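Okay, here's what each chain looks like letter by letter:
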Amino acid sequence: MTPPTGPSPEVEPAPPRPSWGPATGVGSLPGADPVEALRVVTGELPDFAHLPELPGRGAGADLVGRSAALLVDLAVDLTPAGWRLVPRPGVDQRRAEELLARDLDALHDVAGGYTGPFKVQAAGPWTLAAGLERARGDRAVVDPGARRDLAQSLAEGLTAHVAAVAARVPGAQLVVQLDEPSLPAVLLGALPTASGFGKLTAVEAPVVEQELAAVVGALPGPVLVHCCADRAPLELVRSAGADAVSFDLGLVQDLDALGTAVEAGTHLFPGVVPGTDTALPAPRATASRVQAWWRELGFPADRLHGAVTLTPSCGLAGATPGYARRAMTHVREAARYLLPE
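Every chain's residues receive numbers from 1 upward, in the order its sequence appears when written. In keeping with the predicted nature of the model, local features appear solely for residues at pLDDT of at least 70, side-chain atom pairs appear and are counted solely at 80 or more, and the whole-chain, interface and lining totals rest on all residues. Side-chain metrics rest on all non-hydrogen atoms present in the structure, leaving aside hydrogens and water.

### Examining the side chain of Thr42
Helix numbering and strand numbering both begin at the N terminus, where a helix is a DSSP run of H or I of at least 4 residues and a strand a DSSP run of E of at least 2. Turning to its location among the elements, Thr42 is positioned in helix H1 (residues 34-44). Here Arg39 takes part through its backbone oxygen, which lies 3.4 Å from a polar atom of the side chain of Thr42. Each residue touching Thr42, except ones within four places of it in the same chain, is listed here: Ala49, Val110 and Ala111. A 3.5 Å cut-off defines polar contacts: any pair of N or O atoms within that distance qualifies, except that in protein one atom must be a possible hydrogen donor and the other a possible acceptor, and neighbouring residues in sequence count only when both atoms are side-chain atoms. Throughout, a contact is declared for two residues whenever any of their heavy atoms are within 4.5 Å.

### Let's talk about unusual backbone geometry
Residues apart from glycine generally show negative phi values, whereas peptide bonds are mostly found in trans. Even without being a glycine, Asp73 presents a positive backbone phi close to 65°. Mapped onto the fold, Asp73 is located in the loop between helix H2 (63-68) and strand S2 (75-79). Think of it in three bands: with a 1.4 Å probe and only protein chains considered, a residue is buried below 20% of the maximum accessible area for its type, exposed above 50%, and partly exposed in between. Classification of Asp73 as exposed rests on a relative accessible area of 76%. Phi angles above zero are rare outside glycine, and Arg231 is one such case at about 65°. Inspection of the secondary structure puts Arg231 in the loop between strand S6 (223-226) and helix H8 (234-239). Given a relative accessible area of 59%, Arg231 falls into the exposed group.

### Focus: the packing of helix H9 (residues 255-263) against helix H10 (residues 283-297)
The axes are straight lines fitted to the C-alpha atoms, using for helices just the contacting stretch, and the angles between their N-to-C directions are given from 0 to 180°. It is at 10 Å that the axes of H9 and H10 come closest, and there the two elements cross at 85°. Looking at the two axes, H9 sits roughly perpendicular to H10. Counted together, Leu255, Leu258, Gly259 and Val262 of H9 and Trp293, Trp294, Glu296 and Leu297 of H10 form the full contact between these two elements. Each angle receives one of four descriptions, namely roughly parallel if under 35 degrees, roughly antiparallel if over 145, roughly perpendicular if within 65 to 115, and oblique otherwise.

### Here we look at the sheet that holds strand S1 (residues 49-50)
By definition, the strands of a sheet pair up through backbone hydrogen bonds, in either a parallel or an antiparallel sense. Pairing is parallel across the open sheet formed by 7 strands, whose spatial order is S1-S4-S5-S6-S7-S8-S9. The sheet is open, and its two borders are formed by S1 and strand S9 (311-312), each paired with just one other strand. For S1 and strand S4 (residues 116-123), the ladder comprises 2 bridges, and the chain directions are parallel. Bridge assignment links Ala49 to a residue of S4, and that residue is Phe118. DSSP calls a pair of strands paired once it identifies at least 2 bridges connecting them.

### A short note on the packing of aromatic side chains
Only centres within 6.5 Å qualify two rings of Phe, Tyr or Trp (six-membered ring in Trp) as a pair; their planes then separate them into stacked at under 30 degrees, edge-to-face at over 60, and tilted for everything else. The final tally for this structure, using the stated rule, is 6 aromatic pairs. Aromatic pair Trp293 and Trp294: ring centres 6.2 Å apart, planes at 55°, arrangement tilted. For Trp293, a relative accessible area of 8% gives the class buried. Through a chain of ring-to-ring contacts, three or more aromatic side chains come together here, namely Phe247, Trp293, Trp294 and Phe299.

### Section: the pairing of strand S5 (residues 172-179)
Of all the 8 residues making up S5, 7 are buried; the element is thus mostly covered by neighbouring parts of the structure. In the sheet, S5 pairs with S6 via 4 bridges, with the strands oriented parallel. Each bridged residue has a counterpart across the sheet, and for Asp179 the counterpart in S6 is His226.

### A look at the pattern of salt bridges
Salt bridge, as applied in this entry: a Lys or Arg side-chain nitrogen positioned within 4 Å of an Asp or Glu carboxyl oxygen. Summed over all chains, the structure comprises 11 salt bridges. For Glu44, the salt bridge is made with Arg332, and the minimal N-O distance between the two is 3.0 Å. With Glu44 in helix H1 and Arg332 in helix H12 (residues 321-336), this pair connects stretches of sequence that are 288 residues apart. For the pair shown, Glu44 and Arg332 are each scored as buried. Note that Glu333 is salt-bridged to Arg332, the shortest N-O span being 3.8 Å.

### Structural notes on the environment of Ala68
As for its position among the elements, Ala68 is in helix H2. For Ala68, a relative accessible area of 0% translates into the label buried. Between the C-alpha atom of Ala68 and that of Val176, which follows or precedes it by 108 residues, the distance is 16 Å. Beyond its immediate chain neighbours, meaning those up to four positions away, Ala68 contacts Val76, Gln93 and Leu128.

### Considerations on the state of the cysteines
The definition used for a disulfide is geometric: two cysteine sulfur atoms within 2.5 Å. Enumeration according to the criterion identifies 1 disulfide in this entry. With a sulfur-sulfur separation of 2.3 Å, Cys228 is cross-linked through a disulfide to Cys314. Because the sign of the S-S torsion sets the handedness, a value of about 120° for the bond joining Cys228 and Cys314 places this disulfide among the right-handed ones. Of the two residues, Cys228 sits in the loop between S6 and H8 while Cys314 sits in the loop between S9 and H12, which places them 86 residues apart along the sequence. Take Cys228: its relative accessible area is 19%, and that puts it in the buried class. Under the relative-accessibility criterion, Cys314 is labelled partly exposed at 22%. Of the cysteine sulfurs around Cys227, a residue in no disulfide, the closest is that of Cys228, at 6.6 Å. In this structure Cys227 comes out as buried when scored by relative accessible area, which is 4%.

Structural data, given as structure tokens:
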């Protein structure tokens, strides 16, 4: 039988692989001046900078409040028990939005000419639902409808935020980081109730994965999920479609999950120095530790530098300014020793 002739069917080109830098920060820094914070970040991490979070500025600059400022058509307010969903925006939400606007102004002033990968961070859908209460006082994480509304609103707000950052730094290749420190507690049933006297029921892993995947899939560009808590569910995060996973290298023992992630093309962000003040080893020693870990995973040495981005283990908001700068310098210099000779 003669094969059909004519033009071949068009094949969709494969999406370009994300561009990752050798080292970056997790997100938060000490201090209250967004201009100074951006100068430090772009100076110490010139190949993969990020928009700093400054929770030291108070309510609205914390992880939940800052992320709630991105929500579309949902309102929050601050109560003595924490952030709560409310019918109409109040002064606390407006303050959070104003802080975020100041950060964008600082970004334009300090880093408008930046080129290369650039990261923005926000709470992931599960951490946000765990940190927000409904009007009746229980956490939004217990209500599937509230979770769905929050996830959709967060994805829409983050997409707009990415566009706002891109307008101010047109040369940036934007990466979205979803911070999910509450994921292990959600899966293990370890979140306290609003009263504090009990624990909320665990959410099944397939539900967690499905709802996280919905947000990851709705966001523009590459998505990184960060969890520096113990028992970080790296395989679940990878299965949810994250392009990269970020974790504390000292806490992750599941080498099988890491190996599967590498084989699937998932980029790794190992946290290699503490997020609070301590004596740091020489950068070469940190690089040697990462190389030994990579050998234990069983992959060729020449793949290491392209598969990982070094970071501190967690945010640096609890560190002194001097240590925060040294930690960023350290991961940048350690990453240089991972380059093939």
